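# Coordinates in review
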Amino acid sequence: MVEPSTPLPPATITTIGAVTDRQVILRAIRAGLWIWPSFALLDAYMCFVAYPVAPFALFVAYRVTLEIGFVVVYRVGLREGSNLDRLFFWHSLTYRAAAVIISLMAIHLGGIRSPYMHGISIVALVWAALEPVPWRRALPTFIWIGLAFPAVMGIGAAVSPSARAEWLNASALTVFISNYVFVLASSVLSLLLSHTVWQAQQQARTFGSYQLESLLGRGGMGEVWRARHRLLARRAAIKLVRADKFGGRADRKQAALARFEREAQATASLRSPHTVELYDFGISDVGTFYYVMELLEGLDATALVERFGPLPAERAIHILQQVCDSLGEAHAAGLVHRDIKPSNLYVCSYGRTVDFVKVLDFGLVKPLATENAQLTTQLAVHGTPAFMAPEQVQGDGHTDGRSDLYAVGCVAYWLLTGRRVFEAETAMQALVQHVYGTPTPLSERVPQPIPPELDALVMSCLQKDPANRPQTADALADALAVLAWAYPWPQDRARAWWQEHLPSGSEPFSTEPAQTGTQRVRKHG
Ligand SMILES: Nc1ncnc2c1ncn2[C@@H]1O[C@H](COP(=O)(O)OP(=O)(O)O)[C@@H](O)[C@H]1O
Ligand SMILES: [Mg+2]
């Protein structure tokens, strides 16, 4: 018996730079927001016990003033439109201000001998812990932090004779120097630490010759990132899967990696223009398996239907024909996709052509002839419940290209109706339905008319017995081609659609899901 893909938690690769710059800065400000006022307790102890002459009210004023500063910068940072460089500057200013204010407080707590000097080390260390940045970027802040204390005391000496006298007092000077060495050291070390962490982060974001830029999407197996080649201008997408997401067992990790490698090799061997092009693959230093593919502009078929509602018959036919082209080649090469589903079909604006389909994630492909049974049983992940052929659910090992055609039938169902073939509450129910349930003809599920020949063709793909389905992707493609004569989807119509709905290629006008008939399209998996 085969488990659905749900047992695998979505891989979240937070260590590899999943946190954006803005979030890092906001986190550092948030830390300041909490740490800064908490030292008011120490102020109280110092002002009432250790140095009873110290003006506590002034200390409170200092704390409140900078706390307001933290809050203001934080609020600005929360605004999406705010400029990141400026936010970084203002946030570094709050850290500099903290160092200056601590120095001002120290005037009342022993002057150049003040133990409060060590507060400045804490400021530096908090920065180092929370803000990984290249040293050049942090240097101005650390010069401020490192010099704040002697600068404030120096100005004090210039205006106050008693402060000046302290600098001439040998024992006071000795205490100052022995304390200040630690402040300087922690400033320099914090600068280096922040840089080192930043550097490690950059390395973790590098895969082969590619550098991650931003997250495109998350799926059952991992994350997909927009990426850039370090030397060429080529834009790319990288799919990442971290081996430890497959549980602690070493053999499972090995099997996962082996399967991922197979997926990459299989995809790379295919030449159909409707199969996503693979540029590179490998394992990164941090043990993440990755493959680099062409970056597609457009949206996957899940998003297409969720946002814009079910497709007209002619457009669905046009899309399905292209899927069959990709599968036809794969099947001829002895590869079964085994995870055909809407989110693995990308509807692109491709050069000058729109509604160009790319099949992604030959993720569960297995070479037909040389099936490695061990690999598939260990992983126990065989497709997505809503789109799985009965023989795949039963896991008797007799899956072939016709299982993909069953999934194509499920996808066609989704494209034309915005519904899944079996709308089950749980993954297990969906699987049982695929084995025993009778699908409802499409025309009975939606108010809009569906050509009876198309309805019949989709229903034939959904036959339980593979022998009753179209026998090959090419046969299905031929049947679709006949329908395409009667229901053509010319480029000018496609282009008009894109012009109206996705003029920029992939940024839709509205992110609101479209309404279908009276019912909102349900999220499907
Ligand atoms: N080459 C690509 N170019 C642009 N977007 C992509 C590419 N590959 C995948 N994506 C996006 O990333 C999302 C996540 O992909 P994936 O991890 O395969 O998840 P799923 O299990 O939903 O297929 C996809 O739904 C798709 O929108
Ligand atoms: Mg996918």
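Refer to the structure printed above.
Calculation notes
- Along each chain, numbering runs from 1 in the same order as the chain's sequence is written.
- Labels are handed out in written order, letters beginning with A for the chains and numbers beginning with 1 for the ligands.
- Note on the predicted model: pLDDT of at least 70 is required for a residue's local features to be given, and 80 or more for side-chain atom pairs to be given and counted; whole-chain, interface and lining totals, by contrast, use all residues.
- We count a stretch as a helix when DSSP gives it H or I for four or more residues in a row; a strand needs E for two or more, and each element gets its number in order from the N terminus.
- The burial label depends on the number of other C-beta atoms within 10 Å of a residue's C-beta. Counts of 20 or more mean buried, 12 or fewer mean exposed, and intermediate counts mean partly exposed, with C-beta atoms placed from the backbone.
- Contact criterion: two residues are in contact if their C-beta atoms, reconstructed from the backbone, are within 7 Å.
- One less than the residue count of a helix, multiplied by 1.5 Å, gives the span that helix is expected to have.
- Residues are classed as near a molecule or strand if the C-beta position derived from their backbone is within 6 Å of it.
- The classification used treats Ala, Val, Leu, Ile, Met, Phe, Trp, Tyr, Cys and Pro as nonpolar, Asp, Glu, Lys and Arg as charged, and all other residues, Gly among them, as polar.
- Each nonpolar core consists of buried Ala, Val, Leu, Ile, Met, Phe, Trp, Tyr and Cys residues. Their C-beta atoms, within 7 Å, join them into a set.
- Fitting one axis to the seven residues ending at a residue and another to the seven starting there, the bend at that residue is the angle between the two axes.
- One bridge is not enough; two strands pair if DSSP finds at least two bridges between them.
- Axis definition: a line fit to C-alpha positions, over the contact stretch in the case of helices; interaxial angles, taken between N-to-C directions, run 0 to 180 degrees.

Here the focus is the overall build of the protein chain. Assigned secondary structure in the protein chain consists of 18 helices and 13 strands. Going through the 525 residues of the protein chain one by one, you find that 42% of them count as buried. In the protein chain, once contacts between residues fewer than 6 apart in sequence are set aside, the share between residues at least 24 apart is 73%.

Our focus in this paragraph is helix 14 (residues 401–417). The end-to-end C-alpha separation of helix 14 is 24 Å, in line with the 24 Å expected for 17 residues at 1.5 Å each. Of all 17 residues that make up helix 14, 17 are buried, and the element is covered over most of its length. A positive phi of about 75° marks Gly-418, the residue just after helix 14.

Moving on to the environment of Arg-315. Counting through the fold element by element, Arg-315 comes out in helix 11 (residues 313–332). Judged by the 20 C-beta atoms lying within 10 Å of it, Arg-315 is buried. Residues Arg-315 and Pro-490 lie 175 residues apart in sequence; the distance between their C-alpha atoms is 9.0 Å. If we ignore the near neighbours within four places in the chain, the residues touching Arg-315 are Asp-355 and Trp-489.

Before going further, it helps to spend a moment on the site of ligand 1. Around ligand 1, the surrounding shell holds 19 residues, and the nearest of these are Gly-217, Gly-219, Val-224, Ala-237 and Ser-343. Elements with a contribution of two residues or more to the shell around ligand 1: strand 2 (210–218) and strand 6 (288–294). For the shell around ligand 1, the element with the most residues is strand 2, which contributes three residues. Residue composition of the shell around ligand 1, by class: nine nonpolar, six polar and four charged.

Here we take up the nonpolar core. Counting residues in each nonpolar core, the largest one holds 85 residues, and the members touching the most others are Ile-238, Val-408, Val-411, Ala-412 and Leu-415. Here the element with the most residues in this core is helix 14; it accounts for eleven residues. With near-sequence residues (within four places) excluded, Leu-415 lies in contact with Ala-301, Val-305, Pro-310, Leu-311, Ala-316 and Ile-319. Grouped together as the second largest cluster of nonpolar side chains are 41 residues, Phe-59, Tyr-95, Ile-120 and Val-123 included.

In this section: the environment of Ala-316. Mapped onto the elements of the fold, Ala-316 is located in helix 11. Each C-alpha atom, one on Ala-316 and one on Leu-416, is 6.7 Å from the other, the two residues being 100 residues apart in sequence. Residue contacts for Ala-316: discarding those within four places in its chain leaves Leu-311, Ala-412, Leu-415 and Leu-416.

The end-to-end C-alpha distance of helix 6 (residues 135–159) is 35 Å, a good match for the 36 Å that 25 residues give at a rise of 1.5 Å each. The principal kink in helix 6, of about 50°, is found at Ala-148, preceding the proline Pro-150 by one to four residues. Along helix 6, the positions that sit buried rather than exposed are Ala-138, Thr-141, Phe-142, Ile-145, Gly-146, Ala-148, Phe-149, Val-152, Met-153 and Gly-156. Tucked inside the fold, the buried residues of helix 6 contact helix 4 (84–107), helix 5 (117–130), helix 7 (161–168) and helix 8 (170–204).

Our next topic: the sheet that holds strand 10 (residues 353–359). Taken in spatial order, the three strands line up as 7-9-10 in an open sheet, and their pairing is antiparallel. Lying at the two open borders of the sheet, with one neighbouring strand each, are strand 7 (298–300) and strand 10. Averaged over neighbouring strand pairs, the angle between their axes works out to 20° when direction is ignored. As paired strands, strand 7 and strand 9 (residues 345–350) are joined by three bridges and run antiparallel to one another. When the sheet's bridge partners are listed, Gly-298 is paired in strand 9 with Cys-348. Strands strand 7 and strand 9 of the sheet are contacted by helix 10 (residues 301–308), whose axis makes an angle of about 95° with strand 7.

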